[in-house]
Amino acid sequence: MSASPQRVVVVGADAAGMSAAHQALRTARRTGRELAITVLDKGTHTSYSACGIPYWMAGDVASGDDLVARTAEQHREAGIDLRLGTEVVAADLAARTVTTADGTVVEYDDLVVASGAPAVVPDWALRPDGSAHDGVGVVKTLDDGAEWLERFAAAGDDARVVVVGGGYVGVEVAEAALRHGFAVTVITRGQGMSMLEDEMKERVNAALREAGAEVVLGAEVTGLDTRDGRVTGVHWDGGSRPADLVVVATGVRPATSFLTGSGLEMTGNGALRPDPHGRVAEHVWAAGDCCEVRRRIDDAWVFRPLGTYATKHGRALGDSLAGGSLAFDGMVDTAITRFVHGDTYLEIARTGLSRDEAAGLDVVALVTEGTTTTDYMPEAEPIAIWVMADRETRRLLGVQVVGGRGAGKRIDTAAAVLWSGGTVDDLAWMDLAYAPPFSSTWEVLGVAARRVAERI
Ligand SMILES: Cc1cc2nc3c(=O)[nH]c(=O)nc-3n(C[C@H](O)[C@H](O)[C@H](O)COP(=O)(O)OP(=O)(O)OC[C@H]3O[C@@H](n4cnc5c(N)ncnc54)[C@H](O)[C@@H]3O)c2cc1C
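As the structure is a prediction and not an experimental result, all values here were calculated from the model.

What counts and what doesn't
- Along each chain, the written sequence defines residue order, and numbers are assigned to residues from 1.
- Under the rules for a predicted model, residues below a pLDDT of 70 receive no local features and side-chain atom pairs below 80 are neither given nor counted, while totals for whole chains, interfaces and linings still include all residues.
- Neither water nor hydrogens contribute to the side-chain values; these are computed over all heavy atoms in the structure.
- Relative accessibility under 20% of the residue-type maximum defines a buried residue, over 50% an exposed one, and the middle range a partly exposed one, all with a 1.4 Å probe and only protein chains included.
- Each helix is a run of H or I in the DSSP string that is no shorter than four residues. Each strand is a run of E no shorter than two, and both are numbered from the N terminus.
- An arc is given here, and it is the one of the directions from the helix axis to the C-beta atoms.
- Any two residues whose heavy atoms approach within 4.5 Å are treated as being in contact.
- Expected span of a helix: the number of residues minus one, times 1.5 Å.
- We call a pair of cysteine sulfur atoms a disulfide when they lie within 2.5 Å.
- Residue proximity to a molecule or strand is established when one non-hydrogen atom of the residue lies within 4 Å of it.
- Any pair of N or O atoms that falls within 3.5 Å is considered a polar contact. Within protein, one atom must be able to donate a hydrogen and the other to accept it, and sequence-neighbouring residues count only if both atoms are side-chain atoms.
- Where each domain begins and ends follows an automated or database-derived domain assignment.
- For this analysis, a salt bridge means a side-chain nitrogen from Lys or Arg found within 4 Å of a carboxyl oxygen belonging to Asp or Glu.
- All residues other than Ala, Val, Leu, Ile, Met, Phe, Trp, Tyr, Cys, Pro, Asp, Glu, Lys and Arg, Gly among them, are scored as polar; the first ten of these are nonpolar and the last four charged.

A.B. asks: Account for helix H8 (residues 411–419), naming residues and giving values.
C.D. replies: All of the buried residues in H8 are Ile411, Ala414, Ala415, Val417 and Leu418. Burial along H8 is one-sided: seen end-on, the buried residues are contained in an arc of 160°. In this structure, the buried side of H8 is in contact with strand E21 (344–352), strand E24 (396–403), helix H9 (424–429) and helix H10 (444–454).

Rendered as structure tokens:
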């Protein structure tokens, strides 16, 4: 045991930072190290599920408290010196210090950067003083969620909600707004749902429309109309819509500006690229949304700000800095969401590469349609599966699924094949469970893979 404790300073008290802090404490008990962990966060909450906010906004989750996995008190009881409302504004890696907004200098032996990626708010959404117009906001933190619920409650029954951004957050928020009975318009660049191929995106857009939302594709929003500081409309090249509320869901960017000038290597977007143990430099570690992640299939670094990576990488980091050897060995780009309203029920999932990402390869890709259970079962719902494989090696490269209840988590089977570097034949011939309420004799995912295999 060292004479004085190893001082660990963590910037960011959510998924990545707190996974790292608690794992470090667990590992330290095993390795006999003594750690003094200080966590600094500029926000007001810790360890909450941002992923659950759209469902809270929809009314599926009763309270924001239900989304909190561990409170500030629970972290402190575990021995962590947690300081909320404390923004880190600078880091001096040579002196091993960080400086907070009130000028306090905090020394560390190891620095953990887990500062996440706040929502990007485009200039068109802001007043000249940098604040958002009334009725305009993002969906990122618990405070944002609470604010949206207040806005929803204050809005009239005939309120018009415009969601800018057709990615998974935009679609989840559209569902929440529809649930409140509002008129919803989703405006997006391109064809929407960037995580999917065009032929799969169309199915999501069709479901949104079927549920009563308007979907405007290929539109770049350029400005807002306002009256007395409140939003009244949204316009883009070629059109405009009146709006009482505008949700900005146009993406996130790493919160690493406090590291500017520190000498740490960052991407143009400000992301860090930690090794599987979370190391970015001597005595500096990072995990979560402020980082890119390595995709195992093509060994590419990609920006995928997802909780599933933040917690895994954070845990590996915490273990490693306390003397363990856990590693986050990349990902295969798996993601899932859903869109539900009235009779419309759609599960949406992807894993692996897109066609664009496989541009250098000779690929075969095909959409197969089927049903989620044997078609004679009353619960059978349509499912469409896109499968892509490499013609030369037969390696499975990507799978996407859009369909009814039970469709989405089928993606995990494909992800497992990708994880192990398997072929499209592996997916076609795997031993997958069958009984009529769950699949057809030939599981539709296997059929989709087999159809591609037959065309190679
Ligand atoms: C609406 C929504 C739905 C989502 N759904 C899913 C999903 O279904 N599945 C999934 O895998 N992921 C989902 N995510 C993403 C997931 O929530 C994030 O990947 C995860 O929260 C990242 O954790 P993190 O700890 O890296 O960053 P964050 O959660 O962003 O935490 C970073 C913390 O750092 C603090 N901080 C930043 N800068 C500073 C500074 N300079 N000084 C002090 N503190 C600072 C912030 O206040 C913040 O508390 C969703 C996100 C949103 C917003």
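Structure shown, so let's carry the discussion forward.
A.B. asks: Give a detailed account of helix H4 (residues 142–154), specifying residues and quantitative values.
C.D. replies: Given a rise of 1.5 Å per residue, 13 residues ought to cover 18 Å, and the 19 Å separating the end C-alpha atoms of H4 matches this to within 8%. Buried positions along H4 lie against helix H2 (53–58), strand E8 (136–137), helix H5 (168–179) and strand E15 (245–248).

A.B. asks: Explain the state of the cysteines to me, using residue names and the numbers behind them.
C.D. replies: Simply put, disulfide is the name for a covalent bond between the sulfur atoms of two cysteines. Enumeration over the complete set of coordinates arrives at 0 disulfides. We note that cysteine 51 lacks a disulfide partner, and the nearest cysteine sulfur, in cysteine 290, lies 16 Å from it. Cysteine 291 forms no disulfide, and the closest cysteine sulfur to it belongs to cysteine 290, at a distance of 3.9 Å. The class of cysteine 291 is buried, set by a relative accessible area of 2%.

A.B. asks: Kindly report on the site of the ligand, identifying the contributing residues and their values.
C.D. replies: In the neighbourhood of the ligand, 32 residues make up the surrounding shell, with Asp14, Asp41, Asp289, Leu306 and Gly307 lying closest. Here an oxygen atom of the ligand sits 2.9 Å away from a polar atom, N or O, in the main chain of alanine 16. In this structure, serine 115 approaches the ligand through a main-chain N or O atom, which is 3.4 Å from an oxygen atom. Going through the elements one at a time, helix H1 (15–31), H5 and helix H7 (307–321) are the ones with two or more residues in the shell around the ligand. The element best represented in the shell around the ligand is H7, accounting for 3 residues.

A.B. asks: Account for the domain arrangement of the protein chain, with residues named and values stated.
C.D. replies: In terms of domains, the protein chain is made up of domain 1 (6–117 + 257–321), domain 2 (123–248) and domain 3 (343–454). Relative to domain 3, the C-alpha centre of domain 2 lies at a distance of 31 Å. Counting residues at the interface gives 11 residues for domain 2 and 15 residues for domain 3. Our enumeration of links across domain 2 and domain 3 arrives at 3 salt bridges. Across the side of domain 2 that touches domain 3, the residue classes tally to 7 nonpolar, no polar and 4 charged.

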